[in-house]
There are 2 protein chains.
Amino acid sequence: MKKNNGTILFESSPSICSFGSVVGKKEAQGPLYEYFDKIVYDSYFGQDTFEKAESEMLKTAVEIALEKGEFLPKDIDIAFCGDLLNQCVASSFAMSSFGIPYAGLYGACSTMALGLIMSAIAVESGAANKTVCAASSHFCTAERQYRTPLEYGSQRPPTSQWTVTGAGACVIGKAHNESQIQTPAISSAQIGRIVDYNIADQNNMGAAMAPAAADTIYRFLESTNTNVNDYDSIFTGDLGRIGSRLLFDLMLEKEIDISAKHKDCGVMIYDESQDVHAGGSGCGCCASVLCSHILKGMCNHIYHNILFVATGALLSPTTVLQKRSIPSIAHLVNIRI
Amino acid sequence: MKKNNGTILFESSPSICSFGSVVGKKEAQGPLYEYFDKIVYDSYFGQDTFEKAESEMLKTAVEIALEKGEFLPKDIDIAFCGDLLNQCVASSFAMSSFGIPYAGLYGACSTMALGLIMSAIAVESGAANKTVCAASSHFCTAERQYRTPLEYGSQRPPTSQWTVTGAGACVIGKAHNESQIQTPAISSAQIGRIVDYNIADQNNMGAAMAPAAADTIYRFLESTNTNVNDYDSIFTGDLGRIGSRLLFDLMLEKEIDISAKHKDCGVMIYDESQDVHAGGSGCGCCASVLCSHILKGMCNHIYHNILFVATGALLSPTTVLQKRSIPSIAHLVNIRI
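Here is a short report on the structure shown in this document. (Residues numbered from 1 in each chain as written. Chains lettered and ligands numbered in written order. Predicted model: local features only at pLDDT ≥ 70, side-chain atom pairs only at ≥ 80, totals over all residues. Heavy atoms only, no water.)

### Looking at the overall build of chain A
What counts here: By definition, any uninterrupted DSSP run of H or I lasting at least four residues is a helix, any uninterrupted run of E lasting at least two residues is a strand, and each is numbered from the N terminus. Radius of gyration: C-alpha atoms only; globule rule: 2.2 Å multiplied by the number of residues to the exponent 0.38. Accessibility here uses a 1.4 Å probe with only protein chains present; expressed as a share of the type maximum, an area under 20% marks a residue as buried, one over 50% as exposed, and anything in between as partly exposed. Only heavy atoms enter the contact rule, under which two residues are in contact if any of them lie within 4.5 Å. Here the open area of atoms and residues is found with the Shrake-Rupley method and a 1.4 Å probe, where only the protein chains shown may cover a residue. Charged residues are defined narrowly, with Lys and Arg counted positive, Asp and Glu counted negative, and His plus the chain ends left uncounted. To locate a charge, take NZ of a lysine, CZ of an arginine, CG of an aspartate or CD of a glutamate.
Per the secondary structure count, chain A includes 10 helices and 15 strands. The C-alpha atoms of chain A give 18 Å as radius of gyration, which agrees with the globular expectation for 337 residues (20 Å, within 12%). When burial is assessed residue by residue, chain A has 66% of its 337 residues classed as buried. Considering only contacts in chain A between residues 6 or more positions apart, those separated by 24 or more positions represent 79%. Here chain A has roughly 11400 Å² of accessible surface; of this, 47% comes from carbon and sulfur atoms. Averaged over its 25 positive side-chain charges, chain A has a centre that lies 2 Å from the centre of its 34 negative ones.

### Overview of the relation of the copies chain A and chain B
Where we set the bar: When the copies are superposed, the least-squares fit draws on C-alpha atoms of residues that have pLDDT of at least 70 in both.
Rotating chain A by 180° and moving it 0.0 Å along the rotation axis overlays it on chain B with an RMSD of 0.0 Å. Here the transformation between the copies is reduced to the relation of a two-fold axis. The residues that chain A uses at the interface reappear at the interface of chain B in 100% of cases, marking a shared surface.

### Quick word on empty space enclosed by the protein
Here is the rule we go by: Every definition here rests on a 1 Å grid over the protein atoms only: cavities are sets of points where a 1.4 Å probe fits but cannot get out, pockets are open sets enclosed by protein on both sides within 12 Å along at least five of seven lines, and lining residues have some atom within 4 Å of a point. Grid points are joined across faces, edges and corners, and a volume is the space filled by probe spheres set on the points. Each residue is assigned to one class: nonpolar for Ala, Val, Leu, Ile, Met, Phe, Trp, Tyr, Cys and Pro, charged for Asp, Glu, Lys and Arg, and polar for all the others, Gly among them.
As enumerated under the stated definition, the model contains 6 cavities of 30 Å³ or more in all. Of the pockets and cavities examined, the largest cavity occupies roughly 100 Å³. Of the residues contributing to the lining of the largest cavity, the split by class is 8 nonpolar, 3 polar and 1 charged.

### Section: the nonpolar core
Inclusion rule: We define a nonpolar core as any set of buried Ala, Val, Leu, Ile, Met, Phe, Trp, Tyr and Cys residues linked to one another through side-chain atoms lying within 4.5 Å.
With 240 residues, the main nonpolar core has Met95, Cys170 and Phe308 of chain A together with Met95, Cys170 and Phe308 of chain B as its most contacted residues. If we skip the residues at most four places from it in the chain, Phe308 of chain A touches Met112, Ala113, Leu116, Phe235, Cys265, Cys286, Leu290, Ile294, His331, Leu332, Val333 and Ile335 of chain A.

### Thoughts on the pattern of salt bridges
All names here are of chain A. Going by this rule: We define a salt bridge as a side-chain nitrogen of Lys or Arg found within 4 Å of a carboxyl oxygen belonging to Asp or Glu.
Within the structure shown, the criterion is met by 17 salt bridges over all chains. Put simply, Lys68 and Asp37 hold a salt bridge, and the shortest N to O gap is 3.2 Å. In this pair, Lys68 sits in helix H2 (residues 50-68) while Asp37 sits in the loop between helix H1 (25-28) and strand E4 (38-40), placing the two residues 31 residues apart along the sequence. The exposure class of Lys68 is partly exposed, given its relative accessible area of 42%. A relative accessible area of 29% places Asp37 in the partly exposed class. Several salt bridges converge on common partners, so that one network encompasses Asp37, Lys68 and Lys296.

### Notes on the packing of helix H6 (residues 205-224) of chain A against helix H7 (residues 240-253) of chain A
Residues and elements named next belong to chain A. As a reminder of what qualifies: Every angle, taken between N-to-C directions, lies between 0 and 180 degrees, and every axis is a line fitted to C-alpha atoms, over only the stretch in contact when it is a helix. Note on angle classes: values under 35 degrees are labelled roughly parallel, values over 145 roughly antiparallel, values of 65 to 115 roughly perpendicular, and the remainder oblique. Note: crossing handedness is left-handed where the near helix turns anticlockwise from the far helix by less than a right angle, and right-handed where it turns clockwise.
For the pair H6 and H7, interaxial distance at closest approach is 8 Å and the crossing angle is 40°. Classified by the angle their axes make, H6 and H7 are oblique. By crossing handedness, the relation of H6 to H7 is classed as right-handed. Contacts from Gly206, Ala207, Ala210, Pro211, Ala213, Ala214, Ile217, Tyr218 and Leu221 in H6 reach Gly243, Leu246, Leu247, Leu250 and Met251 in H7. Tallied by class, the residues present in the contact of H6 with H7 amount to 12 nonpolar, 2 polar and no charged.

### Focus on the packing of aromatic side chains
Under the convention used in this document: In this analysis, rings of Phe, Tyr and Trp, with Trp reduced to its six-membered ring, are considered paired at centre separations within 6.5 Å, and the interplanar angle assigns stacked below 30 degrees, edge-to-face beyond 60, and tilted for intermediate values. The rule for a charge over a ring is simple: NZ of Lys or CZ of Arg within 6 Å of the ring centre, and within 35 degrees of the ring normal.
The full count for this structure, using the stated rule, is 8 aromatic pairs over all chains. Each ring, one from Phe139 of chain A and one from Trp162 of chain A, has its centre 4.1 Å from the other, and the planes form 10°; the classification is stacked. Here Phe139 of chain A, found in helix H5 (residues 139-146), pairs with Trp162 of chain A, found in strand E8 (residues 162-163); they are 23 residues apart in sequence, far enough to count as distant. Accessibility expressed as a relative area gives 16% for Phe139 of chain A, which makes it buried. Overall, Trp162 of chain A belongs to the buried group, its relative accessible area being 17%. Between Phe235 of chain A and Tyr303 of chain A, the aromatic rings sit 5.2 Å apart at their centres with planes inclined by 85°, giving edge-to-face as the arrangement. Pair noted here: Phe235 of chain A is in strand E11 (residues 233-236) and Tyr303 of chain A is in the loop between helix H9 (283-299) and strand E14 (305-313), with a separation of 68 residues, a long-range link. Just as Phe235 of chain A is buried, Tyr303 of chain A falls in that class too. The lysine or arginine in question, Lys68 of chain A, covers the ring of Phe19 of chain A, its NZ or CZ lying 4.6 Å from the ring centre. When the ring centre of Trp162 of chain B is taken as origin, the NZ or CZ atom of Lys26 of chain B, which lies over that ring, is 4.2 Å away.

### Structural notes on the environment of Gln182 of chain A
Residue and element names in this part refer to chain A. Inspection of the secondary structure puts Gln182 in the loop between strand E9 (166-173) and strand E10 (185-190). Between the C-alpha atoms of Gln182 and Cys17, which are 165 residues apart in sequence, the distance is 9.1 Å. Gln182 has contacts with His301 and Ile337, leaving out every residue within four places of it along the chain.

### What about the interface of chain A and chain B?
The cut-off we apply is this: By definition, the buried area sums, over both parts, the 1.4 Å-probe accessible area that each loses when the two are put together. Whenever two N or O atoms come within 3.5 Å, that pair is a polar contact, provided that in protein one can donate a hydrogen and the other can accept it, and provided that, for residues adjacent in sequence, both atoms are side-chain atoms.
Between chain A and chain B, the contact holds 56 residues from the first and 56 residues from the second. Of the roughly 4500 Å² buried between chain A and chain B, counting both surfaces, carbon and sulfur atoms make up 65%. Taken as a group, Gln87, Phe93 and Ile194 of chain A account for 17% of the area that chain A buries against chain B, more than any other trio of residues on that side. Our count for the contact surface shared by chain A and chain B stands at 0 salt bridges. Our enumeration of links across chain A and chain B arrives at 10 residue pairs in polar contact (both at pLDDT 80 or more). Within the residue set of the side of chain A that touches chain B, elements represented by two or more residues are H2, strand E5 (78-83), helix H3 (89-95), strand E6 (102-104), helix H4 (111-125), H5, helix H10 (317-321) and strand E15 (328-336) of chain A. A per-element tally of the side of chain A that touches chain B places H4 of chain A first, with 5 residues. Of the residues belonging to the side of chain A that touches chain B, the class tally is 30 nonpolar, 18 polar and 8 charged.

### Examining the environment of Ala214 of chain A
All names here are of chain A. With respect to the helices and strands, Ala214 occurs in helix H6. Take Ala214: its relative accessible area is 4%, and that puts it in the buried class. Separated by 40 residues in sequence, Ala214 and Lys254 place their C-alpha atoms 9.5 Å apart. Aside from chain neighbours lying at most four places away, what touches Ala214 is Leu247, Leu250 and Met251.

### Things to note about the pairing of strand E7 (residues 130-137) of chain B
Residue and element names in this part refer to chain B. This is how the line gets drawn: Should DSSP find at least two bridges between two strands, the strands are taken to pair.
Of all 8 residues that make up E7, 8 are buried, and the element is covered over most of its length. Residues of E7 alternate between two faces, with Lys130, Val132, Ala134 and Ser136 on one and Thr131, Cys133, Ala135 and Ser137 on the opposite face, all of them buried. Pairing of strand E5 (residues 78-83) with E7, which is carried by 6 bridges, proceeds in the parallel orientation. Residue pairing in the sheet places Cys81 in a bridge with Ala134 of E7.

As structure tokens, then:
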């Protein structure tokens, strides 16, 4: 493993052995319908609270990933999971039944990429033979925690995004060259720095996160000496329509045009007719899109070399009330097949 | 790096190059007074909110660790930090000024040990030359978030613990054999599993966490084929007086008596006369005790081979209101000099 300007190059290319995704009803009504492994039409997922429903969703995504790879929980050495709930309880309650050594992560909506990077480091170093990484969000848990009680039905500004009800999980392990089946591999990564442009509007998280995405993508392209055209697609996490346009502008300031290669998971997951305003958001947004459309697209050789850049807004309801800015972060993973 | 039953053996023994601790007034009135690097008598730390004060404390601990090791932020490849606040905002605001690639962790009061383990994995694998790991807590931010407004002055039951106002930070790097100065090294580690004995009393976290500590210590001793007498001390994070007694009982069920070697950071940090009931708690408890008494004790050759077992209760105020149990975790780090 070499390192250059914060870029991690994985020599053994840790492999995404299997993956699973679970989403809710609204996500299933969107354009990516056919790619998801499981759709849950009941927002309570058979539980008595939305928080338990989110845990159940994350747990199910992990179970699907394990089953598809024919793994048992005992085959997994470390689980890296996270979510948006206070004290990351969706993840810890979800993972308490597996008995897998557990490392909790917090990266807001960047968590899935952070989990992939920590997994790849642990696998390449030999600390783990296999890891699982997963992330989730739920519209009903996030909205009432971050904004207003669901019953308010408060007006949403055009810049706001819709928290995705969904979860994604990947099993990461050493690439097996003897295997006939090619699996997507984590080739390199860039751990993000915290970037703060003093955006303080919690209803415009795309604007808060775009500078972090620009910083991470720019540093990665610089240190790997690659350019946008070397990649089939650059998928950002959940910048939404407004954040995506800001990202283009920030990259153009550095004379890099990413618009032709760029897709945003928050824009992809819903149709414009679904009234989600600027797009989807939440840890489960890019986690469920990665573990459905993107990775299935790679296995079907539609994509061969992509950048997955998950973005996170590191605010809390308390910091919003205290009128603080929204520090943001973006972690990048280069996945190849 | 070998691996056996979830135990990670570090072949290169990543080294704790430097460390720093910051605590508040009450902690400075306790028996460990002389070991802390900085004492802050103003609970606001010159800021206008307790949350900003906690960030400032964590930032200061990181600065002290960097200064003592003569490192600059640019020398550090990854920062692993966490705290108890919703969305871990103490850490993300603290770290936003350094420009260090940032990986947020959530392990409740086990965070410092999780940070050490992730640091050791990253350093041994070559993904980082140097990392920093840090954790913090603040009585005034934690009490009002987890329990009741500070102004209530509500009665505390005898099982309750007092959240430590403190932070600790370590710089981890490759051990330099050519150096004259010996530094404590991370020899091996055990990532904890989530253990849930259905304790639901948020005022008795020692009871919730003791089974996790017992599980982790037992698995580590088993897989390393070592026994309690091989270690100078076994420091648990913040089980307090009640949790420590429960840990002894749970270990005795497995015919292991740890009582002669055991110390608990939550018991050590306050004097019984300080009216903290069962002892100290919070991410900052074992982080500040590690980065003062324990590591200074190792550098002064009072301790040579210790187990640092930080415990975390993975509850949230929401899960408490929903009458759920408290899943817990304990991460173990074997440090030698």
